[in-house]
Protein chains: 2
Amino acid sequence: MPRVVELAGGVGGAKLADGLLAELGADLTVVVNSGDDLVLHGLAIWPDHDTVAYTLAGLDDVDRGWGLANESWTVMERLAELGDETWFRLGDRDLATHLWRTDRLRDGARPTTVALELARILGIAATILPMTDDLVRTELRTDDGWLEFQEYFVHRHQAPEVREVRFAGADRAIASAEVVAALDAAELIVIAPSNPIVSVGPILAIGGIRDSLERARRRAVAVVAVSGIVAGRALKGPADRMLASLGHEQSALGVARLYAPFTDGFVLDRLDAELRPAVEALGLASLTTDTVMTDDESRARLAAEVVAFGRSLEAVRP
Amino acid sequence: MPRVVELAGGVGGAKLADGLLAELGADLTVVVNSGDDLVLHGLAIWPDHDTVAYTLAGLDDVDRGWGLANESWTVMERLAELGDETWFRLGDRDLATHLWRTDRLRDGARPTTVALELARILGIAATILPMTDDLVRTELRTDDGWLEFQEYFVHRHQAPEVREVRFAGADRAIASAEVVAALDAAELIVIAPSNPIVSVGPILAIGGIRDSLERARRRAVAVVAVSGIVAGRALKGPADRMLASLGHEQSALGVARLYAPFTDGFVLDRLDAELRPAVEALGLASLTTDTVMTDDESRARLAAEVVAFGRSLEAVRP
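Report follows, based on the coordinates. This is a predicted model, so every value here is computed, not measured. (Residues numbered from 1 in each chain as written. Chains lettered and ligands numbered in written order. Predicted model: local features only at pLDDT ≥ 70, side-chain atom pairs only at ≥ 80, totals over all residues.)

**Brief notes about the environment of Ser227 of chain B**
Note on placement: Ser227 of chain B falls in the loop between β10 (222–226) and β11 (229–230). Spatially, the C-alpha atoms of Ser227 of chain B and Val30 of chain B are 17 Å apart, while their sequence positions differ by 197 residues. (Helix = DSSP H or I, 4+ residues; strand = E, 2+ residues; numbered from the N terminus.)

In structure tokens:
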């Protein structure tokens, strides 16, 4: 199987990663956004990482869309009785992950090491890497002022319009040796159908990752992106409104424009087939297929199609 | 009701505090040992404080002897699956207390403020104060080397013999204004039937508290101690073995000798009636009664007897 690196945010990235895992097994590396990470109640919480890890371990709650299946909420209920903030809901079993991780980080382990350990404990064949071991925090200027990501995303239910996005610390953050090595060894790089602004954006804001993408492309390794916008709507989350409020086109074409400078191929949903000429006019190869992943089968099928598409692009490169 | 301050460790201190609460209501202040406190999984854990608080709130698990009643263990079970240390067991509902407290401390609240807030949330009429807002850590030199208190007490099940005890930070720690004010307003000071070395010892190691005791006695306020050793045995914990291995007599008389320099009265169990002359020879008034608190009634009865005994001592002072 080809060695594939996926750049991923939360749910959309996790679903495609799950399909890629079925196709690739240990040849898959997922580089996850850590700009949404937060410290809450003193605990290190990595929302995007854990969504990917729980999904690849088959432990995710499919209906809820986040956290662990068979979850209980005793701690949160008691925390509410004590009058503490509970807008960021943490299940009892999920809390164990955060307690374990906080311990490991306090022991001095790098975030990358901790992620590798957790994947091993959870029995995940693929590699999951935080985009960096350095602290990067996604912050959003909204009509309510500058907000931390989870304050906007969870606490305020993505209600305020987003006027500006910044990735605090990204300019000084270094891609980990593991991320650089994975990208340097990649035979295909896939950008997940995650929010292009706040999920993929932070990953691409790490200078070393952009450099690695450029090196890969010079090696004739294709970068292929999958649109998370279908028929002008985000499959999940506020990406559509965010594109619009930040002055981008609220469509898969708007996403393609963002990715065009460093991408070779773009995967559109059939519902957006009419955008294909405009996408190709950006210099991108395109694939039109069903991109909405509703079950394991559709995840695996889309993943296989994306890999085949990316490989075909390599074949035609000089 | 007289204003009473109890100096207390965990279980024994909590039981007597519960009896005193029934007798005194809001006129009771409990100053609790914080030398056993620890940070685990990034959380601020206060074992003695919480034993007292849960007991006074009527939330304690009487059979287990620590933690909350109606507790569940989902987080710990999952933490064990992840391979983390679980020797210090934290129930799900108990964890909420630690998460809440860690939040408040991270907000910059003083430990004393946090303790006062928790007592209000739990609906406790009495005041519970940490002995200091400063960091003091009880450490034990054992045959296994120097150990942190909970490492010795919980992890190693009090197995290694204790050769030396120190209260790291106590020499620089300051009694909080609240502790000093409570002692200065007290009409009686009661030393709980807690471990004299590692529960009461850290409290008395805070210079400001010793000074306050001396001031109280000059005001003719009695200091009365209740023996936690009955018939040569600790009712709970390793106090008996610890007295012996540190060169003290392993009996109520050994405890009385430790407290004699700053105590007026000493309460012995009926089983130790023969020690009464030796206790009085130390210059202490004595009371012999049933000191083993097996239910609410015996807690209240002992508390009432201790208060009456202490008040009678005041009456005869110059």
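**Overview of the interface of chain A and chain B**
Accessible area lost on assembly of the parts is the figure often given for the size of an interface. Each side of the interface is counted separately: chain A has 22 residues, and chain B has 22 residues. Among the elements of the structure, α3 (74–81) and α4 (92–106) of chain A are those that each provide at least two residues to the side of chain A that touches chain B. Top element by residues in the side of chain A that touches chain B is α4 of chain A. It accounts for 10 residues. Per-class residue counts for the side of chain A that touches chain B are nine nonpolar, seven polar and six charged. (Contact = placed C-beta atoms within 7 Å. Nonpolar A, V, L, I, M, F, W, Y, C, P; charged D, E, K, R; others polar.)

**A closer look at the packing of α3 of chain A against helix α4 (residues 92–106) of chain B**
Close contact between α3 of chain A and α4 of chain B brings their axes to 8 Å; oriented N to C, the two are set at 50°. Relative to α4 of chain B, the element α3 of chain A lies oblique. Considering the relative orientation of α3 of chain A and α4 of chain B, their crossing is right-handed. Judged by residue contacts, Thr74, Val75, Arg78 and Leu79 of chain A of α3 of chain A engage Asp92, Arg93, Leu95, Ala96, Leu99 and Trp100 of chain B from α4 of chain B. Residue composition of the contact of α3 of chain A with α4 of chain B, grouped by class: six nonpolar, one polar and three charged. (Axes fitted to C-alpha atoms, helices over the stretch in contact; angles between N-to-C directions. Parallel < 35°, antiparallel > 145°, perpendicular 65-115°, else oblique. Left-handed = near helix turned anticlockwise from the far one by under 90°.)

**Some thoughts on the relation of the copies chain A and chain B**
Between chain A and chain B, which share one sequence, the superposing operator has a rotation angle of 180° and an axial displacement of 0.0 Å; the RMSD is 0.0 Å. Overall, the copies show the geometry of a two-fold rotation axis. Taking C-alpha positions as the reference, the residue of chain A nearest the rotation axis is Gly42 of chain A, at 3.0 Å. The fraction of interface residues of chain A whose copies in chain B are also interface residues reaches 100%, indicating that both copies meet through the same surface. (Least-squares fit on C-alpha atoms with pLDDT ≥ 70 in both.)

**Considering the pairing of strand β7 (residues 145–148) of chain A**
All names here are of chain A. Pairing of strand β6 (residues 137–142) with β7, which is carried by four bridges, proceeds in the antiparallel orientation. Across the sheet, Arg141 pairs through a bridge with Trp146, a residue of β7. Hairpin remark: β6 followed by β7, antiparallel, with two residues in the connecting loop. (Pairing = 2+ DSSP bridges.)

**So, helix α3 (residues 74–81) of chain B**
All buried positions along α3 of chain B are accounted for by Thr74, Val75, Met76, Arg78 and Leu79 of chain B. At its buried positions, α3 of chain B is contacted by α3 and α4 of chain A together with α4 of chain B. Following α3 of chain B by one or two positions, Gly83 of chain B has its phi on the positive side, about 90°. (Buried ≥ 20, exposed ≤ 12 C-beta atoms within 10 Å, placed from the backbone.)

**A short note on the environment of Phe153 of chain B**
All names here are of chain B. Within the secondary structure, Phe153 is located in helix α6 (residues 149–155). Looking at Phe153, the number of C-beta atoms within 10 Å reads 21, which means it is buried. It is 9.9 Å that separates the C-alpha atoms of Phe153 and Leu140, two residues lying 13 residues apart in sequence.

**Notes on the pairing of strand β1 (residues 4–8) of chain B**
Residue and element names in this part refer to chain B. Within β1, five of the five residues are buried, which leaves it mostly tucked inside the rest of the structure. On β1, burial covers both faces: Val4, Glu6 and Ala8 on one face and Val5 and Leu7 on the other are all buried. Note that β1 and strand β2 (residues 28–32) share five bridges and pair parallel. The partner of Val4 across the bridge, within β2, is Leu28. In this region the chain leaves β1, passes through helix α1 (residues 11–24) and returns to the parallel neighbour β2; the handedness of that crossover is right-handed. Relative to strand β9 (residues 188–191), β1 is paired through four bridges, and the arrangement is parallel. Bridge pairing links Val4 to Leu188 in β9. (Right-handed = clockwise from strand over helix to strand, strands pointing away.)

**Here we look at the sheet that holds strand β1 (residues 4–8) of chain A**
Residues and elements named next belong to chain A. Pairing is parallel across the open sheet formed by seven strands, whose spatial order is β5-β2-β1-β9-β10-β13-β14. This sheet does not close on itself; its edge strands, each paired only once, are β5 (127–130) and β14 (285–289). Adjacent strand axes in the sheet meet at a mean angle of 20° when their direction is disregarded.

**Regarding the sheet that holds strand β14 (residues 285–289) of chain B**
Residues and elements named next belong to chain B. Here seven strands make up an open sheet; going across it, the order is β5-β2-β1-β9-β10-β13-β14 and the pairing parallel. Of all the strands in the sheet, just β5 (127–130) and β14 have a single pairing partner and so form its edges. Taking the axes of each pair of neighbouring strands and ignoring which way they run, one obtains an average angle of 20° across the sheet. Of the pairings in the sheet, the one linking β2 to β5 comprises four bridges and is parallel in character. Across the sheet, residue Val32 finds its bridge partner in β5, namely Pro130. With respect to the sheet, helix α7 (residues 177–185) is in contact with β1, β2, β5 and β9, its orientation differing from that of β5 by roughly 125°.

**Some remarks on the environment of Leu147 of chain B**
Residues and elements named next belong to chain B. Mapped onto the fold, Leu147 is located in strand β7 (residues 145–148). A count of 18 C-beta atoms within 10 Å places Leu147 in the partly exposed class. Between the C-alpha atom of Leu147 and that of Ile209, which follows or precedes it by 62 residues, the distance is 26 Å. When neighbours within four sequence positions are excluded, Leu147 is seen to be in contact with Glu139, Leu140, Thr142, Tyr152 and Arg156.

**Let's talk about unusual backbone geometry**
The phi torsion at Ala220 of chain A lies on the positive side, around 70°, for a residue other than glycine. Mapped onto the secondary structure, Ala220 of chain A falls in the loop between α9 (207–218) and β10 (222–226).

**Quick look at helix α11 (residues 252–259) of chain A**
Residues and elements named next belong to chain A. Most of α11 is tucked away: seven of the eight residues are buried. The complete set of buried residues in α11 reads Ala252, Leu253, Gly254, Val255, Ala256, Leu258 and Tyr259. Elements in contact with the buried residues of α11: β9 (188–191), β10, β11 (229–230), α10 (239–245), β13 (265–269) and α12 (276–281).

**Description of the packing of helix α1 (residues 11–24) of chain A against helix α2 (residues 47–56) of chain A**
Residues and elements named next belong to chain A. In contact at an axis separation of 9 Å, α1 and α2 are set at 35° when each is read in the N-to-C sense. Relative to α2, α1 is oriented so that their crossing is right-handed. Listed contacts from α2 to Val11, Gly13, Ala14, Lys15, Ala17, Asp18 and Leu21 of α1 are Thr51, Val52, Thr55 and Leu56. In terms of residue class, the contact of α1 with α2 is made up of six nonpolar, three polar and two charged.

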